[in-house]
Every structure is written in structure tokens, then in C-alpha cells.
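Chain by chain, the residues run as shown.
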Amino acid sequence: MTFSKDLKTFSINFGEVCDKTFRGTSIAMSRGVIEKTPVDTGRARGNWFPSFDTPSTEITSKTSKLGAESIIRTVQKVSELTTDKSFFLTNNLPYIVVLENGSSTQAPNGMVAITVNEFQRVVNEQANKNRR
């Protein structure tokens, strides 16, 4: 193989690994936030919405005690994610900030802040998983 072909192959593979790592990290971090969201009726867990480049403004009246609908929405949306986009996971319920600030005994330290602390570990896991 010539140097330019080698470089092109490396570039293509590197982009694929980055995209896969970004997608895997986005799913894992989202799942962490969703699963850490305290549950009473399931409305808070059911109102996590993924989006690209701008935060979602969506709200649903549906409940999801396990958060399955939010996780499914995220996995489906993230399948389109590439590193040239920004990923957002948004919850627009008026009381989500109160929950994040520890109003629930189920999540006294919040859910987003705790998951953000896991970011580097998750990125490392995803990068190792996607190496060739």
C-alpha cells in the first residue's frame, strides 16, 4: 500500500472509531441520567429527550417508571449521531431542576451531576471497545 492510501485508510477508520465512541458514550451517559432519575409516577424519567445541536423543547404526559421509552428514543436518535453534531439530553419538566438539586430521597445528589462525574470512565470504556 502507498503512504497516501495508508493515510486515507487510517483517516476513515479513525473517523469511524470516533463516531462509534461518541455514539456509545452518548447512549451510556444518557442511560445513566435516565436510570438515576427518581421515580414517583415515572413522568420525570419519561421526559428525557435526545436532540442534536439544540436542546429539545418537548414534553410528554406519558409516564415511564423504568425509563424505557426515553432510552429507546435516545438509542434511535443516537444512531444518526456523528462527531460533527452536538448531542443534548433534555428534560423540560418544571421540577427537574428541583430533582437534580436533591429534593428526592431516591436521588439526593441528583442524577445529571453524578453521571457527568462518570464521563471520563465512560469515554475510556467506549474508546477501548471501539479500537481495532
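Anyway, here's the lowdown on the structure attached to this text. (Residues numbered from 1 in each chain as written. Predicted model: local features only at pLDDT ≥ 70, side-chain atom pairs only at ≥ 80, totals over all residues. Heavy atoms only, no water.)

Some words on the environment of A28
Link 1 in the chain: Here A28 lies in helix α1 (residues 3-36).
Link 2 in the chain: What makes A28 partly exposed here is its relative accessible area of 30%.
Link 3 in the chain: In this structure the C-alpha to C-alpha distance between A28 and R121, which are 93 residues apart in sequence, comes to 11 Å. (Helix = DSSP H or I, 4+ residues; strand = E, 2+ residues; numbered from the N terminus. Buried < 20%, exposed > 50% of the residue type's maximum accessible area, 1.4 Å probe, protein only.)

What about the environment of K62?
Link 1 in the chain: Along the chain, the position of K62 falls in the loop between β1 (48-52) and α3 (68-78).
Link 2 in the chain: Since its relative accessible area comes to 63%, K62 is described here as exposed.
Link 3 in the chain: The spacing of K62 and G46 is 16 residues in sequence and 6.5 Å in space, taken between C-alpha atoms.
Link 4 in the chain: When sequence neighbours within four positions are dropped, the list of residues in contact with K62 reads R43 and N47. (Contact = heavy atoms within 4.5 Å.)

Describing the layout of surface pockets
Link 1 in the chain: The volume enclosed by the largest pocket comes to roughly 280 Å³.
Link 2 in the chain: M29, S30, V33, L89 and V116 are the residues nearest the centre of the largest pocket, which is lined by 14 residues in total.
Link 3 in the chain: Residue assignment for the lining of the largest pocket shows that the elements contributing at least two residues are α1, β2 (87-91) and α5 (112-116).
Link 4 in the chain: No other element matches the six residues that α1 contributes to the lining of the largest pocket.
Link 5 in the chain: Of the residues that constitute the lining of the largest pocket, the class distribution is 10 nonpolar, four polar and no charged. (1 Å grid on protein atoms, 1.4 Å probe; cavity = no way out; pocket = protein on both sides within 12 Å on 5 of 7 lines; lining within 4 Å. Points joined across faces, edges and corners; volume = space filled by probe spheres on them. Nonpolar A, V, L, I, M, F, W, Y, C, P; charged D, E, K, R; others polar.)

Some words on α3
Link 1 in the chain: Within the span of α3, buried status applies to S70, I71, T74 and V78. In a view along the axis of α3, the buried residues occupy a sector of 100°, so they form one face of it. (Arc of directions from axis to C-beta.)

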